[in-house]
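Residue strings, one per chain:
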Amino acid sequence: MLALSAVLRRQQFLIRALGVGGSHGGISHHRTMQAVKCMSGTSLEADADSILRAITPTLDRSRHKGQAGKVAVVGGCREYTGAPYFAAISALKIGADLSHVFCTKDAAPVIKSYSPELIVHPVLEESYSVSDLGDEDRRQITSEILAEVDKWMERFDCMVIGPGLGRDPFLLECVSKIMKHARESNVPIVIDGDGLFLVTNSIDLISGYPLAVLTPNVNEYKRLVQKVLSSDIDDQDAHEQVLSLAKRIGGVTILRKGKSDIISDGEIVQSVSIYGSPRRCGGQGDILSGSVAVFLSWARQLISATEGNFTISPTNPTMLGCIAGSALLRKAASLAFENKKRSTLTTDIIEYLGRSLEDICPAS
Ligand SMILES: NC(=O)C1=CN([C@@H]2O[C@H](COP(=O)(O)OP(=O)(O)OC[C@H]3O[C@@H](n4cnc5c(N)ncnc54)[C@H](O)[C@@H]3O)[C@@H](O)[C@H]2O)[C@@H](O)CC1
Ligand SMILES: Nc1ncnc2c1ncn2[C@@H]1O[C@H](COP(=O)(O)OP(=O)(O)OP(=O)(O)O)[C@@H](O)[C@H]1O
Ligand SMILES: [Mg+2]
């Protein structure tokens, strides 16, 4: 009896997750069987190539700089300069027009030296650089930092918060305020890396914000599940757990990274399992966060241009952005691996982003 009710619960979950129909009584045998077949996983798989084709804008000579997207990455500190670079350069390689980085003063020259394409703002401060100051001076510095970021905020189509941010308390306090301003301005935010450390400890920062996307890796997901659901990772019901977590955080979108990426906005759940590579070099999550930012921006543009009259599913731009970003990164990783095998590095994967998108969605 117990086993039977567990099966029924699972069927109903799959039916809800797939949007096959209502879960209240009267589920037809056919629909139930359809959902049961999906337990093998394949039908939760998103049609990522179609989504990529649908949301990637055509290259039109009448468009001006900025229309294909302006993104900003908030990250980069004494320890980490690679992560914000990977996220920001990936956004450009996919097709965004402008990519900014807001980082600490000493990370900035390093990041600038990786690439002249990035617009790097050396604005953030860590505790060590304000340790001699009193509370009033610290408040003054915080408000100067906020004013500097606010000058740009409304121009951004999306912000990525966290790659290589570090965990310094003064810096994170300041980034919380940046996040609040982004939310007040309705700027979508992709939260990754140490940004997830910050929001896991202050979930109100993003709770109930439908334009927030969280992209946890295995450790970050574990911490989030422990904090929000007071439980451990459930690999048996992985899809259901991601769905519950997204719903519990008030309809943010979660992309749980792993062998399959699982994506949910608390309403539906989808996976991306295509392509991928066996190389697990650091930095692939950073490529993903920059990619999701671009695709999310394009999906929002498309939805507003067509006033919602478009035929792709799902219809939530954050879901579309996650599916497209995940599939593209995984395709680039698989092409890089074909070529470089064990020596594949994140910079090699970035070099394949353009070709991967071209294969799926040719420029002309
Ligand atoms: N070149 C760079 O500057 C890079 C900086 N990064 C930044 O580094 C900071 C910390 O990120 P992490 O991803 O290390 O934080 P995590 O909390 O995920 O990882 C911390 C520890 O967990 C281990 N770990 C990672 N994945 C695991 C898995 N699948 N199973 C078991 N253990 C695992 C790691 O070896 C590491 O020691 C972030 O700000 C991140 O953005 C990373 O993005 C990697 C590249
Ligand atoms: N076991 C796996 N098999 C195939 N692909 C994987 C696997 N694990 C992760 N990936 C892919 O790599 C991407 C990055 O995931 P990962 O868990 O490495 O992120 P991360 O730890 O945040 O990376 P970073 O080093 O940039 O911080 C995911 O989007 C996923 O598609
Ligand atoms: Mg990461």
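Residues numbered from 1 in each chain as written. Chains lettered and ligands numbered in written order. Predicted model: local features only at pLDDT ≥ 70, side-chain atom pairs only at ≥ 80, totals over all residues. Heavy atoms only, no water.

In the numbering used here, UniProt assigns the "domain: YjeF C-terminal" (unreviewed entry) feature to residues 48-360. Summarising residues 48-360: 50% helix, 13% strand, and an end-to-end C-alpha distance of 10 Å. (UniProt positions renumbered as here; feature names shortened; annotations may be inferred. Helix = DSSP H or I, 4+ residues; strand = E, 2+ residues; numbered from the N terminus.)

This part is about the side chain of Glu 220. Considering the arrangement of structural elements, one finds Glu 220 in helix 10 (residues 218-229). Buried and without a salt bridge, Glu 220 has Lys 257 as its closest oppositely charged side chain, separated by 4.4 Å. Among the polar contacts listed, one links the side chain of Glu 220 to the backbone nitrogen of Asn 217, at a separation of 2.8 Å. If sequence neighbours within four positions are ignored, Glu 220 has contacts with Asp 192, Gly 193, Leu 196, Thr 215 and Lys 257. (Buried < 20%, exposed > 50% of the residue type's maximum accessible area, 1.4 Å probe, protein only. Lys, Arg positive; Asp, Glu negative; His and termini not counted. Salt bridge = Lys/Arg side-chain N within 4 Å of Asp/Glu carboxyl O. Polar contact = N/O pair within 3.5 Å; in protein donor to acceptor, adjacent residues only side chain to side chain. Contact = heavy atoms within 4.5 Å.)

To continue, consider the site of ligand 1. For ligand 1, the set of nearby residues contains 16 residues, the closest of which are Gly 164, Asp 194, Asn 217, Asn 219 and Asp 286. Note that an oxygen atom of ligand 1 is positioned 2.9 Å from one of the backbone N or O atoms of Gly 164. Within the contact set of ligand 1, an oxygen atom lies 2.7 Å away from a side-chain nitrogen or oxygen of Asn 219. Bound to the protein, ligand 1 loses 51% of the 840 Å² it would expose on its own. Of all the elements in the fold, those that place two or more residues in the shell around ligand 1 are helix 4 (82-94) and helix 10. A per-class count over the shell around ligand 1 returns six nonpolar, seven polar and three charged. (Near = heavy atom within 4 Å. Areas by Shrake-Rupley, 256 points an atom, 1.4 Å probe, with all protein chains shown as cover. Nonpolar A, V, L, I, M, F, W, Y, C, P; charged D, E, K, R; others polar.)

So, about the environment of Asp 157. Tracing the backbone through its elements, the reader meets Asp 157 in the loop between helix 7 (135-153) and strand 4 (158-161). Sequence separation between Asp 157 and Asp 49 is 108 residues; the distance between their C-alpha atoms is 23 Å. Contacts of Asp 157, omitting those with residues within four sequence positions, involve Gly 66, Gly 69, Lys 70, Pro 188 and Ser 297.

Turning next to the nonpolar core. Inside soluble globular proteins, nonpolar side chains tend to come together where they are buried. Of all hydrophobic cores here, the largest spans 63 residues; its most connected members are Ile 55, Ile 94, Leu 118, Val 190, Phe 295 and Ile 349. If you tally residues by element for this core, the top one is helix 13 (residues 317-340), at twelve residues. Those residues in contact with Ile 94, other than ones at most four positions away along the chain, are Ser 291, Val 294, Phe 295, Trp 298, Leu 328, Leu 353 and Leu 357. Within the second largest apolar cluster, 51 residues are counted, among which are Met 159, Ile 206, Ala 238 and Val 269. (Core = buried A, V, L, I, M, F, W, Y, C linked by side-chain atoms within 4.5 Å.)

A few words on unusual backbone geometry. Across the junction of Ser 313 and Pro 314, the peptide omega takes the value 0°, indicating a cis bond. Residue position: Pro 314 is located in the loop between helix 12 (284-305) and helix 13. In this model, Ser 230 sits at a positive phi of 50°, which is unusual for a non-glycine residue. Tracing the sequence through the fold places Ser 230 in the loop between helix 10 and helix 11 (238-248). At Tyr 275, a position not held by glycine, the phi torsion is positive, near 55°. Inspection of the secondary structure puts Tyr 275 in the loop between strand 9 (269-272) and helix 12. For Tyr 275, a relative accessible area of 32% gives the class partly exposed.

What surrounds ligand 2 is a group of 15 residues, the closest being Lys 257, Asp 261, Gly 283, Gly 285 and Arg 330. Here Gly 285 contributes a backbone N or O atom positioned 2.8 Å from an oxygen atom of ligand 2. Burial of ligand 2 by the surrounding chains reaches 78%, relative to a free accessible area of 620 Å². The pocket occupied by ligand 2, as judged from atoms lying within 2 Å of grid points, is the largest pocket. A per-element tally of the shell around ligand 2 places helix 12 first, with four residues. Residue composition of the shell around ligand 2, by class: two nonpolar, seven polar and six charged. (1 Å grid on protein atoms, 1.4 Å probe; cavity = no way out; pocket = protein on both sides within 12 Å on 5 of 7 lines; lining within 4 Å. Sits in = over half its atoms within 2 Å of the grid points.)

Strand order in the open sheet formed by nine strands is 3-2-1-4-5-6-7-8-9, and the pairing between neighbours is mixed. The open sheet has two edge strands, strand 3 (119-124) and strand 9, and neither has a second partner. When the angles between neighbouring strand axes are averaged without regard to direction, this sheet yields 20°. In the sheet, strand 6 (residues 212-214) pairs with strand 7 (residues 253-256) via two bridges, with the strands oriented parallel. From the neighbouring strand, Val 213 faces strand 7, where its bridge partner is Thr 253. Contacts from helix 11 reach strand 7, strand 8 (261-264) and strand 9 within the one sheet, and its direction differs from that of strand 8 by about 40°. (Pairing = 2+ DSSP bridges. Axes fitted to C-alpha atoms, helices over the stretch in contact; angles between N-to-C directions.)

Roughly 850 Å³ of internal volume is contained in the largest pocket. Together, 33 residues line the largest pocket, and Asn 217, Lys 257, Gly 283, Gln 284 and Gly 285 are the ones closest to its centre. Mapped onto the lining of the largest pocket, the elements with two or more residues apiece are helix 4, helix 10, helix 12 and helix 13. For the lining of the largest pocket, a count of residues per class yields ten nonpolar, twelve polar and eleven charged. (Points joined across faces, edges and corners; volume = space filled by probe spheres on them.)

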